Amino acid sequence: MTSPQPLLLEPSAAGIAQAVHRLMHEGLVAFPTETVYGLGANAASPAAVRKIFAAKGRPADHPVIVHIANVDALDDWAIEIPATARQLAQAFWPGPLTLVLKRAAHVPDEVTGGQSTVGLRCPAHPVAQALLRAFAASLNIEATRQPHRALRRPAGLAAPSANPFGRISPTSAAHVAADFWNTDLLILDGGECDVGIESTIIDFSRDTPVLLRPGAVTPAMIKYVIGISPAMPDTKAPRVSGALPSHYAPRKPLALATANAIAAIPASLATQTAILAFHMPAAQRFAWTRQAPRDASLYAQHLYAWLREMDVSPAAKLVIERPPRTQEWSAVTDRLNRAARR
Ligand code: TXA
Ligand code: MG
């Protein structure tokens, strides 16, 4: 008997068609987005969404984001959408922004984690766009064959990041294949992700917009569009697994350190240590090194690939130099802090 394994496909017309076929039959499809790869299933099918949770080992009460093809599809999944939320969708979609809104009645509890809200995002990656459009077309061709049903069926892909729960998010098809080597899964290979860290999440389900997860769309960009900065989350903020203190974690212990502390690592420990730093001590022989770029976007793009490399390097301990304490580094610093928490 052969065990299940992932099937890696080029995102050609034939590859997209095969992926849609899987989605129509409650299967799982991993696909590239501009942020990270997603582990997708038909968001309208509770059975399909449950397969995501089983594959990831994710607790059932953690909600998943529904990916949609365009701004118009907002009203298929959410109700009582504030004007400011629509303005943000108009400004940043398709793009790395997720809006948490009041859910429409039909949205399965499996998607929302039983909460009264749904997270919606329109991804910009051309493969994600092609997949969403082909899936919507397929759903609606089927609907016209069953004329007693509603003519337009909401098309959305429930998709968390395609990694085991709590681990490092994938930014290439190879990362997904390595993490799900024994899962029945189709992976569309769209190359390496541009943004590299997960979308900004803004909660619009309460009185004022709240930043649940920092990302490439910054508070300053949001303020530019809607006139106010999102508030920081308080204790009433909804459950966000990406907001758990420990997340995006490598298997080996990771510490954040100053340049001085890194320079002071003794030679005896250096050979067992992997270093990602802006200032690399020239004298030491470390187990693995990477000179960190000074550009926060470039750093974010490669961060998860580097964390994965460090994790499989001969090093026993991982050390990363703390980025500057400025706004432009806040999303990267957020991920580093969580990756370093045990
Ligand atoms: O960039 C991204 O957002 C990627 C790509 C694949 O789109 N997706 C992603 O999904 O990061 P995931 O599941 O790894 O993280 C989504 C976060 C989780 O922390 C989840 O708790 C939160 O979004 N979330 C989803 N729906 C929510 C809701 N209704 N209310 C509050 N948080 C929600
Ligand atoms: Mg995730």
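Structure: see above.
The structure presented is a predicted model; accordingly, all values stated were derived computationally and were not measured.

Colleague: Can you help me understand the pattern of salt bridges in this one?
Modeller: Close approach of charged atoms allows side chains of opposite charge to pair. Scanning the model with the defined rule gives 12 salt bridges in all. Of the charged contacts in the structure, one is a salt bridge between Glu110 and Arg50, with a shortest N-O distance of 2.8 Å. A residue pair is termed long-range when its members are at least 10 positions apart, and Glu110 in helix α5 (residues 109-112) and Arg50 in helix α2 (residues 46-56) qualify at 60 residues. Between Glu309 and Arg290 there is a salt bridge, and its shortest N-O distance comes to 3.4 Å. Pair noted here: Glu309 is in helix α11 (residues 296-312) and Arg290 is in strand β14 (residues 288-291), with a separation of 19 residues, a long-range link. Taking the relative accessible area as the measure of exposure, Arg290 reaches 31% and is therefore partly exposed. Among the charged side chains, a salt-bridge network with shared partners connects Glu198, Asp334, Arg335 and Arg338.

Colleague: Where do I start with the environment of Leu23 in this structure?
Modeller: Examined against the element boundaries, Leu23 turns out to sit in helix α1 (residues 13-24). Between the C-alpha atoms of Leu23 and Asn42, which are 19 residues apart in sequence, the distance is 5.8 Å. Setting aside residues no more than four positions away along its own chain, Leu23 makes contact with Val29, Gly40, Ala41, Asn42, Leu131, Phe135 and Leu157.

Colleague: Sorry if this is basic, but what is going on with the packing of α1 against helix α6 (residues 126-144) here?
Modeller: Geometry of a packed helix pair, given as the angle between the helix axes and the separation of the axes. For the pair α1 and α6, interaxial distance at closest approach is 9 Å and the crossing angle is 55 degrees. Looking at the two axes, α1 sits oblique to α6. Both α1 and α6 take part in a crossing whose hand is right-handed. Between α1 and α6, the contacting residues are Ile16, Ala19, Val20, Leu23 and Met24 on the first element and Val127, Ala130, Leu131, Ala134, Phe135, Ser138, Leu139 and Glu142 on the second. Its residues assigned to classes, the contact of α1 with α6 comprises 11 nonpolar, one polar and one charged.

Colleague: What is the right way to look at the pairing of strand β6 (residues 97-103) in this model?
Modeller: Successive residues of a regular strand alternate their side chains across the two faces of the sheet. Among the seven residues in β6, six count as buried, and that is most of the element. Bridge analysis of strand β5 (residues 78-79) against β6 gives two bridges, and the strand direction is antiparallel. By the bridge assignment for β6, Ile79 is matched with Lys102. Where β6 lies against strand β10 (residues 200-203), four bridges are found, and the strand directions are parallel. Residue pairing across strands places Leu97 opposite Thr200, the latter belonging to β10. Bridging between β6 and strand β7 (residues 117-121) involves five bridges; their strand directions are antiparallel. The residue of β7 that forms the bridge with Leu99 is Leu120.

Colleague: Teacher, can you tell me more about unusual backbone geometry here?
Modeller: Glycine aside, the phi torsion of most residues is negative, and most peptide linkages are trans. Going from Trp93 to Pro94, the amide bond is cis rather than trans, its omega being -10 degrees. Mapping Pro94 onto the fold places it in the loop between α4 (83-92) and β6. We note that Glu26 has phi near 60 degrees; this positive angle belongs to a residue other than glycine. If you trace the backbone, Glu26 turns up in the loop between α1 and β2 (29-31).

Colleague: Would you explain the sheet that holds strand β12 (residues 254-257) in this entry?
Modeller: Sheet strands pair via backbone hydrogen bonds, and the direction of the pair is either parallel or antiparallel. On the basis of which strands lie adjacent, the open sheet formed by four strands has the order β12-β15-β13-β14 and parallel pairing. Of all strands in the sheet, those bounded by a partner on one side alone are β12 and β14. Averaged over all pairs of adjacent strands, the angle between their axes in this sheet comes to 15 degrees, without regard to strand direction. The sheet contact formed by strand β13 (residues 273-277) and strand β15 (residues 317-321) spans four bridges and is parallel. Following the sheet pairing, Ala274 is matched in β15 by Leu318. In the packing of α11 onto the sheet, contacts are made with β12, β13, β14 and β15, and the angle to β15 comes to roughly 160 degrees. Of the strands in this sheet, β12 and β15 touch helix α12 (residues 330-340), which is tilted by about 135 degrees from β12.

The rules behind these values
- Residues numbered from 1 in each chain as written.
- Chains lettered and ligands numbered in written order.
- Predicted model: local features only at pLDDT ≥ 70, side-chain atom pairs only at ≥ 80, totals over all residues.
- Heavy atoms only, no water.
- Salt bridge = Lys/Arg side-chain N within 4 Å of Asp/Glu carboxyl O.
- Helix = DSSP H or I, 4+ residues; strand = E, 2+ residues; numbered from the N terminus.
- Buried < 20%, exposed > 50% of the residue type's maximum accessible area, 1.4 Å probe, protein only.
- Contact = heavy atoms within 4.5 Å.
- Axes fitted to C-alpha atoms, helices over the stretch in contact; angles between N-to-C directions.
- Parallel < 35°, antiparallel > 145°, perpendicular 65-115°, else oblique.
- Left-handed = near helix turned anticlockwise from the far one by under 90°.
- Nonpolar A, V, L, I, M, F, W, Y, C, P; charged D, E, K, R; others polar.
- Pairing = 2+ DSSP bridges.

Honestly, that's just the spatial picture; any functional story needs more than this.
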